[in-house]
Amino acid sequence: MADLTATAIPSGPRPRRRLSGRNIMIYGTLLIVSLYYILPLWVMVMTSLKGMPEIRMGSIFSPPVEITFQPWVKAWAEACTGLNCDGLSRGFWNSVRILIPSVILSIAVASVNGYALINWKFKGSEVFFTILIFGSFIPYQVMLYPIVILLREIGLYGSLSGLVIVHTIFGMPILTLLFRNYFSSIPEELFKAARVDGAGFWGIYFRIMLPMSLPIFVVAVILQVTGIWNDFLFGVVYTKPELYPMTVQLNNIVNSVQGVKEYNVNMAATLLTGLVPLTIYFISGKLFVRGIAAGAVKG
Amino acid sequence: MTHSIQVKDLTLNFGAVSVLKTMNLDVAEGEFIVLLGPSGCGKSTLLNCLAGLLEPSDGEIWIKGKNVTWAEPSERGIGMVFQSYALYPQMTVRGNLSFGLKNARMPRDEIEKRVARAAEILQIGPLLDRKPAALSGGQRQRVAIGRALVRDVDVFLFDEPLSNLDAKLRSELRVEIKRLHSRLNNTMVYVTHDQIEALTLADRIAVMRGGIIQQLAAPQEIYNRPANLFVAGFIGSPSMNFLPGKTVDGGRAFEFAGNRIGLEGYEGAPGQRDKAILGLRPEHLVMQDTAEPGLTLPATVEIDEPMGADSLVWLKAGGQPVSVRVPVEKRPRAGQEVHLRVDIRHASVFDAGTEERV
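Residues numbered from 1 in each chain as written. Chains lettered and ligands numbered in written order. Predicted model: local features only at pLDDT ≥ 70, side-chain atom pairs only at ≥ 80, totals over all residues. Heavy atoms only, no water.

**Let's talk about the domain arrangement of chain B**
All names here are of chain B. One can read the domain layout of chain B as domain 1 (3-234) and domain 2 (241-351). The centre of domain 1, based on its C-alpha atoms, is set 39 Å off from the matching centre of domain 2. Facing the 9 residues of domain 1 at the interface are 7 residues of domain 2. Summing the contributions of domain 1 and of domain 2, the shared interface buries around 760 Å²; its carbon and sulfur component is 54%. The interface formed by domain 1 and domain 2 includes 1 salt bridge. (Domains from an automatic or database assignment. Contact = heavy atoms within 4.5 Å. Buried area = accessible area lost by both parts, 1.4 Å probe. Salt bridge = Lys/Arg side-chain N within 4 Å of Asp/Glu carboxyl O.)

**Brief notes about the packing of helix H9 (residues 188-196) of chain A against helix H10 (residues 201-209) of chain A**
Residues and elements named next belong to chain A. At a minimum axis separation of 11 Å, H9 and H10 run at an interaxial angle of 125°. As the angle between them shows, H9 and H10 are arranged oblique. The element H9 and its partner H10 pack so that their crossing is right-handed. Seen from H9, the contacting residues are Leu190, Phe191, Ala194 and Arg195; seen from H10, they are Ile204, Ile208 and Met209. Residues belonging to the contact of H9 with H10 are distributed by class as follows: 6 nonpolar, no polar and 1 charged. (Axes fitted to C-alpha atoms, helices over the stretch in contact; angles between N-to-C directions. Helix = DSSP H or I, 4+ residues; strand = E, 2+ residues; numbered from the N terminus. Parallel < 35°, antiparallel > 145°, perpendicular 65-115°, else oblique. Left-handed = near helix turned anticlockwise from the far one by under 90°. Nonpolar A, V, L, I, M, F, W, Y, C, P; charged D, E, K, R; others polar.)

**Thoughts on the state of the cysteines**
Covalent bonding between the sulfur atoms of two cysteines defines a disulfide. All names here are of chain B. Taken as a whole, this structure holds 0 disulfides over all chains when the rule is applied. Residue cysteine 41 stays outside any disulfide, its sulfur separated by 13 Å from that of cysteine 49, the closest cysteine. The exposure class of cysteine 49 is buried, given its relative accessible area of 1%. (Disulfide = S-S within 2.5 Å. Buried < 20%, exposed > 50% of the residue type's maximum accessible area, 1.4 Å probe, protein only.)

**As for the sheet that holds strand S17 (residues 310-317) of chain B**
Residues and elements named next belong to chain B. In spatial order, the strands read S15-S19-S16-S17-S18; together these 5 strands make up an open sheet with antiparallel pairing. Strands with a single pairing partner mark the edges of an open sheet, and in this sheet they are strand S15 (285-288) and strand S18 (320-327). Strand-to-strand, the axes of this sheet are offset by a mean angle of 45°, without reference to chain direction. Pairing of strand S16 (residues 296-306) with S17, which is carried by 6 bridges, proceeds in the antiparallel orientation. Along S17, the bridge assignment pairs isoleucine 303 with tryptophan 314. (Pairing = 2+ DSSP bridges.)

**Concerning the nonpolar core**
Across soluble globular proteins, nonpolar side chains have a tendency to be buried as a group. Ranked by internal contacts, the top residues of the largest apolar core, which has 92 residues, are Ile208 and Tyr238 of chain A together with Leu35 and Leu157 of chain B. Top contributing element to this core by residue count: helix H5 (residues 89-119) of chain A, with 10 residues. Excluding anything up to four places from it in sequence, leucine 157 of chain B contacts Leu47, Leu50, Ala51, Ile78, Gly79, Met80, Val81 and Val189 of chain B. If you look at the next biggest cluster of nonpolar residues, it comprises 47 residues, including Ala118, Leu149, Ala202 and Val231 of chain B. (Core = buried A, V, L, I, M, F, W, Y, C linked by side-chain atoms within 4.5 Å.)

**Comments concerning the confidence of the model for chain B**
For chain B, per-residue confidence averages 91 on the pLDDT scale, and 100% of positions sit at 70 or higher. Mean pLDDT across the elements of chain B ranges from a minimum in strand S13 (residues 259-262) of chain B, with 88, to a maximum in strand S3 (residues 32-36) of chain B, with 95. (pLDDT = per-residue confidence, 0-100.)

**Quick word on helix H5 (residues 167-184) of chain B**
Residue and element names in this part refer to chain B. Spanning 18 residues, H5 covers 26 Å between terminal C-alpha atoms, matching the ideal 26 Å at 1.5 Å per step. Listing the buried residues of H5 in full gives Leu173, Arg174, Ile177, Leu180, His181 and Leu184. The arc enclosing the buried residues of H5, seen along the axis, measures out at 125°, which places them on a common side. The outward face of H5, more than 90 degrees from its buried face, is lined by the exposed residues Lys168, Arg179, Ser182 and Arg183. Where H5 is buried, its residues touch S3, helix H3 (108-122), helix H4 (137-149), strand S7 (155-159), strand S8 (187-192) and helix H6 (195-201). Two residues or fewer after H5 comes asparagine 185, characterised by a positive phi angle close to 60°. (Expected span 1.5 Å × (residues − 1). Arc of directions from axis to C-beta.)

**Quick notes on the pattern of salt bridges**
Inspection of every chain in the model, using the stated rule, returns 25 salt bridges over all chains. With a closest N to O distance of 3.3 Å, arginine 195 of chain A and glutamate 72 of chain B form a salt bridge. Residue arginine 195 of chain A is found in helix H9, and its partner glutamate 72 of chain B is found in the loop between strand S5 (66-67) and strand S6 (78-81); the two belong to separate chains. Residue classification places arginine 195 of chain A among the buried residues on the basis of a relative accessible area of 13%. Between glutamate 292 of chain B and arginine 341 of chain B there is a salt bridge, with the nearest N and O atoms lying 2.8 Å from each other. Of the two residues, glutamate 292 of chain B is situated in the loop between S15 and S16 and arginine 341 of chain B in strand S19 (residues 337-342); the sequence distance between them amounts to 49 residues. Relative accessible area serves as the criterion here: at 26%, glutamate 292 of chain B is assigned to the partly exposed category. Looking at arginine 341 of chain B, the relative accessible area reads 31%, which means it is partly exposed. Residues joined in a network through salt bridges with shared partners are Glu221, Arg225, Glu267 and Arg357 of chain B.

**Let's talk about the interface of chain A and chain B**
Where interface size is given, it is often the accessible area lost as the parts come together that is meant. Counting residues at the interface gives 17 residues for chain A, matched by 27 residues for chain B. For chain A, the biggest contributors to the area lost against chain B are Glu189, Val196 and Asp197 of chain A; these three give 33% of the whole. Linking chain A to chain B there are 2 salt bridges. Along the contact surface separating chain A from chain B lie 9 residue pairs in polar contact (both at pLDDT 80 or more). If you tally residues by element for the side of chain A that touches chain B, the top one is H9 of chain A, at 7 residues. (Polar contact = N/O pair within 3.5 Å; in protein donor to acceptor, adjacent residues only side chain to side chain.)

**Let's talk about the sheet that holds strand S14 (residues 273-280) of chain B**
Residue and element names in this part refer to chain B. Read across the sheet, 5 strands follow the order S13-S12-S11-S14-S20 without closing on themselves; strand pairing throughout is antiparallel. Only two strands of the sheet have a single partner each, and these edge strands are S13 and strand S20 (348-351). The average angle at which neighbouring strand axes cross in this sheet is 40°, direction not considered. Across 3 bridges, the pairing between strand S11 (residues 241-248) and strand S12 (residues 253-256) is antiparallel. By the bridge assignment for S12, lysine 246 is matched with glutamate 255.

**A word on the domain arrangement of chain A**
All names here are of chain A. Under the domain assignment used here, chain A contains domain 1 (17-68) and domain 2 (89-295). Relative to domain 2, the C-alpha centre of domain 1 lies at a distance of 34 Å. Taken together, the contacts link 10 residues of domain 1 with 9 residues of domain 2. Carbon and sulfur atoms make up 82% of the surface buried where domain 1 meets domain 2, a total of about 700 Å² over both sides.

Structure (structure tokens):
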């Protein structure tokens, strides 16, 4: 009888061992990788909450003995870049004023582009698309100076609208590709049915295509917000100091050579700058999943 | 008789590929036309041209006496039903039905009235506030038909509407479409590759191959007098038996593998041909034990496939596989030697060169 209980009859789910070699491998790897990513963040947050004397003691991993938010306040409102001493707040609002129109404009144009290229094929539409995609392979450096001249000629050099145009243009190839491919997955018969129902170019776009494309719009917003917010090159080339975006200002704060290096202020400034893309990821991550679930309806 | 649809010398090329070749087709008012053919024969292309979703390379399309070759799909007075239903997933059934009417800026109460009528005809009233995702395949296709119905058009275009449904639903909806046609009396053009649908629904069938209409005739005519070998082989399941041979005695007899079959009673006049093909449907052959010269062929039974009411027997006659439909209680044994009596009045003789019926 004892033998029978030891070798249980196979029935129901197969018993699994918690502490198998496989589990140790998987969870061990995950643990190490997450430590690798979390440690720098830990150091940054801790350092930004310490005063300078405590930082000079050199124990970068230890939590602050005396928590202070002064570095954050200084980074936001008091740090000096060039002539201005109003901290990152100026750069933040500049970035917002660049970001919002750039994201809206580039996504609006690219989605219509993608829709037209897939559903309203015209003579040469394939060639047009190839040229557009080819544009994404040309290095930015090649185009920097010609665009400076172009913007100067139309009188937009150094202004925020000039930078918005640049961001819209440079977002075009990848976004058009994104939308074109997504729209191509929407059954053609749906488009035909809408035409028989008398809907025109914009009618089909707004009434049929847009409501079915929430997920891809979320993806495009994530791409553009992080891309444009993190942009440094265009910001520094096409604007002037009082209009610099947050990233350029951050660089100016962190890399200033005179005086004492205020590590706590630098850390706080860096965290502040990274906050926007981070928030976007957290918010849209959920939206993204919901969007996919809503879009999974097959007609 | 007034024409509802007229296709005049319609040609469509995709690059170097010619999909429709100077096609002509006249559809009478209230007629149910089925475009039948294997995939790639151009039947859906023709339908899309009628709908205005594809631009022809040449030729004209007339609907209700108006040249609509350059007209937008919505201006042609057509409604279309698609294979994949093509319902707008984000709209309710009511939204789907009224979308076209809203685009036409129809007054709200008129839209209400038409949606209610379509819902009543198709019995989808309880589903009006559901989204397409919450409907079954059959219900979705009803809504798709309803979308064409509310437009109150003269011509209905169906693009393989039943192909995505399972066999039972398909036969149910088939009857329903037929009922709809007899109630509304609209002109209907129906594309399918399913010959049962074609034979049961059509007033006339257009059998297509390679962008050319091979035969345009009533279902019985197509079944009994196929214009050529392709139509004969495509229509009918199990398909027609083809026996290669020649006509002799000035077309009074057919010689196949040393056997002579009299063509007495055959409706055509085949004449003397060195290479001809005798086409016989499985139900036009009778198995018997005794030979009758000039009327029967010797054959050996290979296998049989019982199908409920009757059984399809496969035999070998003169080296050719031949199928015969027999009542299930008369199923023979394998290996049995039998004689097949040919019903020559229902046979077809084709010229082996031109493949035309003679």
